[in-house]
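What follows is each chain in one-letter form.
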Amino acid sequence: MIKKDLIIKNQLGLHARASNKLATLSSKFNSNVEIIYNDEKVDAKNMMDILLLSIGLHDTFTLKIEGSDEKKAFESIVKLVDNFFGEGK
Amino acid sequence: MFKYLIITHGSIGESLLECVEKNLQKSVNTIDIISLNPTDINQSISNLKEYISKHSDHDLIIMTDLYGASSSNIVKPYTKNKNIYAISGLNLPMLMKAVTFKTDDVQIMIDEIIKCGNKSIINFL
């Protein structure tokens, strides 16, 4: 199991398109991927559940991944967050 | 696989679908729209009847914008059909949930859509 805090760096935060990218990416892996924010835990493969967390710029959330491909999933998601969800800033 | 029909006043349906497609950055072909004809409700009833007849082999989830209004009332005669499921109070989150949530169980899908619609109404002031 991998559990680590990540900070949102893109200006618009986990808005609709970013949430969709995260859910689409998470869905590619067999592992269970969860996001924990403000004591609420959601399935990271569910775009609307991510969106409704309303995570903004500089907010910290916890990424929890458990399963056969957890390492690969974790690296891919960290890369997506670090790359500003492909939004440039 | 479900088929979705949204029935709304004016061009609300078209606008909501356009927003879903922009947010998801893809075209959505599982949602059809009937916009109420304000001057001829019989035309809308006829369109609905034809649509339901054409999709009798699908589980059909109908979402309407206003319970008690014509957009919902014209659906009521069909809710006894085994393949017809109807939800009112359509909002953008509900539509996005319908497009993005994956399940083969129609009842789970309906529960998720309603839950998402309710959960999206937040007093954040």
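Structure: see above.
Quick caveat, the model's predicted, so the values are computed rather than measured. (Residues numbered from 1 in each chain as written. Chains lettered and ligands numbered in written order. Predicted model: local features only at pLDDT ≥ 70, side-chain atom pairs only at ≥ 80, totals over all residues.)

## Let's talk about the packing of helix α4 (residues 92-100) of chain B against helix α5 (residues 106-119) of chain B
Residues and elements named next belong to chain B. Orientation of α4 relative to α5, taken along the N-to-C sense of each, is 145 degrees, at an axis distance of 8 Å. Two packed elements cross with a definite hand, and for α4 against α5 that hand is right-handed. Each of P93, M94, K97 and A98 in α4 lies in contact with α5, whose residues at this interface are E112, I113, C116 and G117. Its residues assigned to classes, the contact of α4 with α5 comprises five nonpolar, one polar and two charged. (Axes fitted to C-alpha atoms, helices over the stretch in contact; angles between N-to-C directions. Helix = DSSP H or I, 4+ residues; strand = E, 2+ residues; numbered from the N terminus. Left-handed = near helix turned anticlockwise from the far one by under 90°. Contact = placed C-beta atoms within 7 Å. Nonpolar A, V, L, I, M, F, W, Y, C, P; charged D, E, K, R; others polar.)

## Side note on the nonpolar core
Counting residues in each nonpolar core, the largest one holds 46 residues, and the members touching the most others are I50 of chain A together with L5, I7, I62, M63, M94 and L95 of chain B. With five residues, α4 of chain B is the single largest residue contributor to this core. Contacts of L95 of chain B, omitting those with residues within four sequence positions, involve L16, V20 and L90 of chain B. (Core = buried A, V, L, I, M, F, W, Y, C linked by C-beta atoms within 7 Å. Buried ≥ 20, exposed ≤ 12 C-beta atoms within 10 Å, placed from the backbone.)

## Quick look at the interface of chain B and chain A
At the interface, 11 residues of chain B touch eight residues of chain A. Mapped by element, the contributors of at least two residues to the side of chain B that touches chain A are α1 (12-24), α4 and α5 of chain B. At four residues, α4 of chain B tops the list of elements feeding residues into the side of chain B that touches chain A. Residue composition of the side of chain B that touches chain A, grouped by class: five nonpolar, four polar and two charged.

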